[in-house]
Amino acid sequence: MMNLPALIELAHIQLRRRPWSSLIFLGMCLNLIIAPAVYGAAGGEIERSSAWAIGLLGLLTFGLSIYLFVVIFQPERF
Amino acid sequence: MWQGFLQIALTLIIVIIITPFLGSYIARVFLGKKTFLDPIITPAEQFIYNLSGIRHKEDMTGWQYTRAILYSNLFMGIFVYLILMLQGVLPLNITNLSAPSWDLALHTTISFLTNTDQQHYSGETTLSYLSQTVCLGFLMFTSAATGLAVGIAFIRGLTGRTLGNFFVDLIKSITRILLPISLVGALLLLILGVPDTLAGPATTTTLEGNIQVIARGPVASFEFIKQLGENGGGFFGINSAHPFENPNPLTNLIETIAMISIPAALIYTYGIFANNTKQAWLLFWMVFAIFILLVGISAIGEYQGNPLVNTLLGGQQPNLEGKEVRFGWVETALWAIVTTGTMCGAVNGMHDSLMPPGGFSTLFNLFLQIIWGGQGTGTAYLFVFLILSVFVTGLMVGRTPEFLGRKIEKREIVLASVILLIHPILVLIPSAITLAFPDALAGISNPGFHGISQVVYEYASATANNGSGFEGLGDNTLWWNLSASVSLLGGRYIPIIALLLLADNMKNKQPVPETTGTLRTDTVLFTSVTAGVILILGVLTFFPILALGPIAEGFQLAKGI
Amino acid sequence: MSNSTSKPRRTPQGRRDSRRHTPKVDTKGIYQRAIRDSFVKLDPRVQVRNPVMFVVWIGTIITALLTINPYLFGNVPGENLRFFNGLITVILFFTLVFANFAEAVAEGRGKAQADALRSTKSDTIAKKLSPDGKIQEVSSTTLRRGDIVKVIAGDIIPADGEVISGVASVDESAITGESAPVLKEPGSDIASSVTGGTKIISDELTIRVTADPGKGFIDRMIALVEGAERSKTPNEIALTVLLAVLTQVFLIVVATLPPVANYVKNPVSVAILIALLVALIPTTIGGLLSAIGIAGMDRVAQFNVVATSGRAVEACGDVNTLVLDKTGTITLGNRLAEEFIPVNGHSLEDVAGVALAASVFDETPEGKSIVRLAERLGAEVDFDRTQAEGIEFSAKTRMSGTDLPDGREIRKGAVDAIKGFVRSRGGKLAADLDQAYERVSRLGGTPLAVCQNGDIYGVIYLKDIIKPGIRERFEQLRRMGVRTVMLTGDNRITASVIAQEAGVDDFIAEATPEDKIAVIQREQAEGKLVAMTGDGTNDAPALAQANVGLAMNSGTQAAKEAANMVDLDSDPTKLIDLVTIGKQLLITRGALTTFSVANDIAKYFAILPVIFAAAGLQTLNVMGLVSTQSAVLSALIYNALIIPALIPLALRGVKFRPLTANQLLQRNILLYGLGGVVAPFIAIKVIDVLISAVGLV
């Protein structure tokens, strides 16, 4: 069992080394919380897989928005 | 109908006449020139400076000015919140009211602190006289003065001056502008029949023999600063529709003019600061044109009335639902556009009952924020739009865009963009969340397209620091109080920070001399282009919401469903 | 100028085309390569650098997923969803490809140019001179700054450098396109620097290398036209922010739409929302922005100017003041002796004799023309040349001359300098000298006084010839709001006559090198952006001080390093063309941004009414589009096609007209603002009719 600081350290290293795959992994993890919420909110009108997809889409949109903020505040990097 | 439009024209002519006088008076005050009030006020101000220990000769940088605003507002906010929560045990609580819920008190504090005065309560049954006067009356002055100070600091920076000192600007705004005018205005209202007393509610026996309790209080003094400072938080729940707040057409006229006078005059004040009254008038007329358009749209909408009702009546009748008969459709429509345009938020009729064109126009005002705009900040936003138009169109003349001889570069665009972005973020995102859970969160009284307008209006009003509402909404809930508080705070302080930093930035730039290759911004052409940019940016951002709200509702009504 | 019949040139295209530097650019492969590159650029790591197109890229991925499974995000109404989503995916994909293509074409043109340049620059064997004097053969790539090399006739000069000894003619056609060989010799301002890759065709030179490998001129030029060193200019960065903000706004607008739409029971599918988002975000300018910048640099390179950064080119558009040397810019380089005016009772023959004696060692064109005129008048050299000593001109004394073997000192130079000389020799000033001086000055000529010891003999009238067409160019500049300042060593009267004839706004007479810096600093203190041209070493500080410094390639290494642009043709008037290019860059960006944003109105009117038909918004379908699917597809197809349609405009640049700012704004607002509102309404309607007729949807 790893302790928390080491875990964060590992996540940090992974994020820097493989940013894309780490972000996708993190997104999937976050979606573990979001997707059931979406499913619950829809009141059974959608399937579980759709709820999962909508959760991911929401996260993606959120990520895109963050990305655009980075562009707005640090345009030189692009 | 024509008589109605004549009333509108008369009101606006008075506004046009007042503008240059008030505008140059404000400019004289903030340029430190002599004014006729000096003999009385200078010693009073000196006393305040000595008492408070403000180093009033020191100018502030953008950050210092910002920090001064944030700290002083935070301090005032905590003070007011505590009084509201303790009103049950504090004096001047004649009607024995208990403290409001924590979230309502928080929302009320923030709402009055941000010059919004959005009310999720009815004043006469929720707040004691102490809360009304010491808390809300106090915030009505300071929040209006804060807005004015920001506007002036922004104009100073834009015209290459140092930003000034926040505390001095705050005090001057109150002692030389808000307080003297309010004093005269409150006396006028008092003469015209508005009560002003610390006595408790009057109890009478009606003709039918019932006992009626009539709420009253220190209304006249509260009323005028409510209008003048673009506050809008009524002493009574139904605001200026209440006969004690606004008893007759003459008080209505005075109160309408009070709302519009400072935001309109500030454009002229800019002209004096920039030494370019030509541009000031051009901008004035640009805003005026959009304003008149919106007044026209809503007035005609109200005049034509509700087609469904008209069918029942067998003829065209103006829409009088939610209106006071003593004001009629004209004065209510004009008031609605003025109050949403100037971010006052006081109402003399229910906006929820406006016809779709009125709903559209009021919402559009809240979205644009510059059809006169809030106290100080509205004028500043107008110049932010001007900077954005200069940037987009200025490139087309083949030079790095300049405004007032200062180059518009990355940093200016970033800061202007923050102001442009914060509005849709704080209006659309909470609206979408609320509408996603209509049963749990919204409290909509009128489902369908109108429901969308109700929800969006509430957040737009909060973000734009207006304060009026589509009052059908059941908004005294935890969700509404807290989510609206976020919009209130974000819509007030983030733009203020951006404005002051932008002003500071512009001030520090080396001015570029004007040549024939410079794009002049004081021409009819450029002003028209600016109007186009403002409308296009505003429409593009909010078109879907307007389409699904008032526009769809209008089509629905027209079809007679 | 009455003798100028040529039309005023408005754009950099035009007369100079004939002189344009086109070093055998191979344009055949450009388009094939661009097509290949536009697919290679689909790599997300490339796309992420362009915020607007990155959003389209993400949208394409999602619609592709929706083509595979239309019900990915839950049930949506409608038939043929897979086909419809597939069409959206394809259109979005092509939107990306078109944007990439624009950039690739712009880059391709640069690359072709770079290849042509590179072909002139192969590794050569350099004869490196060791400190002990031995010659060592090394590869040119190993040469470092400060090394000394020897080149002899037939060699390729291995690196940029400065001649330290020898006289030789060099063929610089590889970089300048000028076929006539140039004389190179040490010490002189204009002829001492050589460029790597050029060929020495006679004699031999010893050269001190002044640039490390890969840092030479040709390398810098290659890097620049290839776009490898391209960093965004300040205006481009500000525009990027604005585009990101607009994208952000529309992302929020579209992302918050579903709950609102669901609330009024008019749900919208994710594919249509993505289509709406892509239609609204400024893809037109987003897709063309980098192409505009690259093409701008390319145009600069075509004018045979090497710019150290795009920033400098963009700054050209902002220039308020142009500081120009009179000689070579406003007037033809060489002044010629026109007349001798005797004073002080001397005869014309006497003056001619003294003038000849004063000029025998003067190798400048002026000096030679004096010799020619004197000889025509019958004067002869009456002393032993080998015994006499030539006194060189210096900026300080402002005169030159000859010390004869018999002790006579003969001088010629600026009139007041000669006056001073005469006074110092105890001579008297002639009364008619000032008359002669003024006469020449009034004619716009340069008066040179000649004297022998303390005796003034007369005045030489050097005639200046103003370049044809220059007046019109200054007129254009004035309308653009650019002030021209002429610097000249001439006296005030001459300067004012020439200034008036040439039409410059201001002039500085009797200017010293310090005056140049002073005038630039004074203008800058007023907040103006100053451009200047120069070639001499003494221009270097002024070139560095100016916001835009254009050095002549024929100039010294110091001048070239101080400047931020170097003109390989050594044509000082080129600054005017650069101003135009700089302005064009900004205008093109502004025009396309305005167009892009104005387009959104039509796209809203195309898409919103049909997707919210259930909410009763059909009435707003002013274009009368056939169906939801056809409306969405039409808007998207328009959105995609407008990019390639505008590629030529982006590459060529919006035509610049020398009008005042307000006239320009009026023109461009009508064209790109109003046009941007109207054009898509028509185009989308036409596309809708077409795709419905074909039966696509």
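All of the points below concern the structure found in this document. Not measured: the values here are computed from a predicted model. (Residues numbered from 1 in each chain as written. Chains lettered and ligands numbered in written order. Predicted model: local features only at pLDDT ≥ 70, side-chain atom pairs only at ≥ 80, totals over all residues. Heavy atoms only, no water.)

Observations regarding the nonpolar core
(1) Moving on: Residues F291, W372 and F403 of chain B together with F612 of chain C are the most contacted members of the largest nonpolar core, which totals 323 residues.
(2) Moving on: Sort the elements by how many residues they give to this core and helix α21 (residues 574–611) of chain C lands first, with 19 residues.
(3) Moving on: Among all residues touching F291 of chain B, those that are not within four sequence positions of it are L12, I260, L334, I337, V338, I371 and W372 of chain B.
(4) Moving on: I370, A379, V450 and I460 of chain C belong to the second largest nonpolar core, which has 24 residues in total. (Core = buried A, V, L, I, M, F, W, Y, C linked by side-chain atoms within 4.5 Å. Buried < 20%, exposed > 50% of the residue type's maximum accessible area, 1.4 Å probe, protein only. Helix = DSSP H or I, 4+ residues; strand = E, 2+ residues; numbered from the N terminus. Contact = heavy atoms within 4.5 Å.)

Description of the interface of chain C and chain A
(1) Moving on: On the chain A side, the residues contacting the 24 residues of chain C number 19 residues.
(2) Moving on: Both faces combined, the contact of chain C with chain A buries some 1,900 Å², and carbon together with sulfur accounts for 80% of it.
(3) Moving on: When the buried area of chain C at its contact with chain A is split by residue, F73, Q248 and L251 of chain C rank highest and sum to 27% of it.
(4) Moving on: Scanning the region where chain C abuts chain A turns up three residue pairs in polar contact (both at pLDDT 80 or more).
(5) Moving on: Elements represented by at least two residues in the side of chain C that touches chain A include exactly α3 (51–68) and α7 (234–255) of chain C.
(6) Moving on: The class makeup of the residues in the side of chain C that touches chain A is 17 nonpolar, five polar and two charged. (Buried area = accessible area lost by both parts, 1.4 Å probe. Polar contact = N/O pair within 3.5 Å; in protein donor to acceptor, adjacent residues only side chain to side chain. Nonpolar A, V, L, I, M, F, W, Y, C, P; charged D, E, K, R; others polar.)

Concerning the pairing of strand β5 (residues 168–171) of chain C
Residue and element names in this part refer to chain C.
(1) Moving on: Pairing geometry for β5 and strand β6 (residues 182–184), over three bridges, is antiparallel. Residue pairing in the sheet places V170 in a bridge with V182 of β6.
(2) Moving on: Relative to strand β8 (residues 199–200), β5 runs antiparallel, the two being bridged by two bridges. Bridge pairing in β8 links V170 to I200. (Pairing = 2+ DSSP bridges.)

Things to note about the environment of P609 of chain C
All names here are of chain C.
(1) Moving on: Note that P609 resides in helix α21.
(2) Moving on: Accessibility expressed as a relative area gives 1% for P609, which makes it buried.
(3) Moving on: Spatially, the C-alpha atom of P609 lies 5.4 Å from that of N621, the residues being 12 residues apart in sequence.
(4) Moving on: Setting aside residues no more than four positions away along its own chain, P609 makes contact with Y604, L617, Q618, L620 and N621.

A few points about the interface of chain B and chain C
(1) Moving on: Across the boundary between the two partners, chain B contributes 61 residues, which contact 61 residues of chain C.
(2) Moving on: Linking chain B with chain C are eight residue pairs in polar contact (both at pLDDT 80 or more), by the criterion used here.
(3) Moving on: Secondary-structure elements contributing two or more residues to the side of chain B that touches chain C are α14 (377–394), α15 (410–436), α17 (449–463) and α19 (524–559) of chain B.
(4) Moving on: It is α19 of chain B that contributes the most residues to the side of chain B that touches chain C, 17 residues altogether.

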